[in-house]
Amino acid sequence: AQHCQPFWDGTREAIFGLLDLLEKHEIAATWATVGALLLGQSDSRRHEWLDDAQFDDVPIGTAASKPDWYAEDIVERLRTHPVAQEIGCHTLTHRFIEPGTAGRDQFRQELRRFRQLCDDLYIEQPTSFIFPKAKMAHFDVLSEEGFTSIRGPEPKWFESLPTAILPAVARLVDAKLSRPPNVGLPRQLPCGLWVVPSSQFYSPFMSVGNHVSVEQRVAKAIKGLRLAASRRQIFHLWTHPFNLGVRTAELLHGLDMILAEARRLCAAGELEIQTMGQLTSCLQDGAQKSGIQS
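Basis of the calculations
Residues numbered from 1 in each chain as written. Predicted model: local features only at pLDDT ≥ 70, side-chain atom pairs only at ≥ 80, totals over all residues. Heavy atoms only, no water. Helix = DSSP H or I, 4+ residues; strand = E, 2+ residues; numbered from the N terminus. Rg over C-alpha atoms; globule rule 2.2 N^0.38 Å. Buried < 20%, exposed > 50% of the residue type's maximum accessible area, 1.4 Å probe, protein only. Areas by Shrake-Rupley, 256 points an atom, 1.4 Å probe, with all protein chains shown as cover. Lys, Arg positive; Asp, Glu negative; His and termini not counted. Charge placed at Lys NZ, Arg CZ, Asp CG, Glu CD. Salt bridge = Lys/Arg side-chain N within 4 Å of Asp/Glu carboxyl O. Arc of directions from axis to C-beta. Contact = heavy atoms within 4.5 Å. Expected span 1.5 Å × (residues − 1). Bend = angle between axes of the 7 residues up to and from the residue.

1. Section: the overall build of the protein
Okay, so step 1: Within the protein one finds eight helices and eight strands.
Okay, so step 2: In terms of C-alpha radius of gyration, the protein reaches 19 Å, essentially the compact-globule figure of 19 Å for 294 residues.
Okay, so step 3: A burial count over the protein gives 47% of its 294 residues as buried.
Okay, so step 4: Accessible surface computed for the protein: about 15200 Å², of which carbon and sulfur atoms make up 54%.
Okay, so step 5: Between the averaged position of the 31 positive side-chain charges in the protein and that of its 35 negative side-chain charges there is a distance of 7 Å.

Right, dumping it as structure tokens:
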């Protein structure tokens, strides 16, 4: 993570700027939250869940003293935002989900601890889940633990190209040409979970993103919005807050234009703007009515 320090330094400013944009355009977003961001303690003790040796590098402190590690201030801003934001789950400690029995048990423990933390802090229990690094497994565990939706993987055909160079070149060409992103419909897994399709990653000025202008990012997103509106499908834009931590003003300006277009399409009756939780609630209501009718 050391090479990302400038991104961490700019993250809070980026988050607060993004929250201002969401208020300006009256848009609710889903915030996939790592629960450990709320495990800060102001005294000399570590939270018992961080006693594991793998967390030896996690310091004692709070958002005030260790702002790179804890974020109770940010979650409070989400909870008090004028436009109700959705707090989703991104696991307790950003542990990658492993297949097999051991990975299954670890996953269930992470989810249950996240839910306990929400109860302890009076946070509404999440229903939306995002897999860390899109390493997906144990969908039935998510359903059993009360989750109703996940974000699906991005369709990245170019990642299967040989060598490390060709996928990077393909990503760059795709981004610079602002090719229309994926739009689609949700699908339900046998366990009951809804998979919300992913459309576009709003990339940082890092790696390939260093060679893509904000205008090209915006053009791609607006194509996605309009395509989704014309097909009555889903355009799902996502990013990590720290991705906005460098050249923040430029990236937020781009998001301002994207959100303005989304709001324009919504006002015209061509698009609905929903969080993952809102979308899933509508899908479940529709499925129940369909079941009654049949």
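That shown, we press on.
2. So, the pattern of salt bridges
A side chain of one charge can pair with a side chain of the opposite charge when the charged atoms of the two come close.
Okay, so step 1: Under the definition given, this model contains 14 salt bridges.
Okay, so step 2: A salt bridge links Arg112 to Glu145; the nearest nitrogen and oxygen atoms lie 3.1 Å apart. Of this pair, Arg112 sits in helix α3 (residues 100–120) while Glu145 sits in the loop between α4 (139–144) and β4 (149–151), placing them 33 residues apart in sequence.
Okay, so step 3: For the salt bridge of Asp174 with Lys220, the shortest nitrogen-to-oxygen distance reads 2.9 Å. Residue Asp174 is located in helix α5 (residues 165–176), and its partner Lys220 is located in helix α6 (residues 214–231); the two are separated by 46 residues in the primary sequence.

3. Some remarks on helix α2 (residues 72–79)
Okay, so step 1: Those residues of α2 that fall on the buried side of the exposure criterion are Ile74, Val75 and Leu78. The buried residues of α2 occupy an angular sector of 95° when the element is viewed end-on, so they sit on one face.
Okay, so step 2: Close packing links the buried residues of α2 with α1 (5–24), β1 (30–33) and β2 (86–89).

4. Some details on α1
Okay, so step 1: Its 20 residues place the ends of α1 29 Å apart at the C-alpha level, agreeing with the 28 Å of an ideal helix rising 1.5 Å per residue.
Okay, so step 2: Most pronounced at Thr11, the bend in α1 amounts to some 45°.
Okay, so step 3: Every buried residue of α1 is listed here: Phe7, Gly10, Thr11, Arg12, Ala14, Ile15, Gly17, Leu18, Leu19, Leu21 and Leu22.
Okay, so step 4: Looking at the buried side of α1, the elements it contacts are β1, α2 and α7 (248–267).

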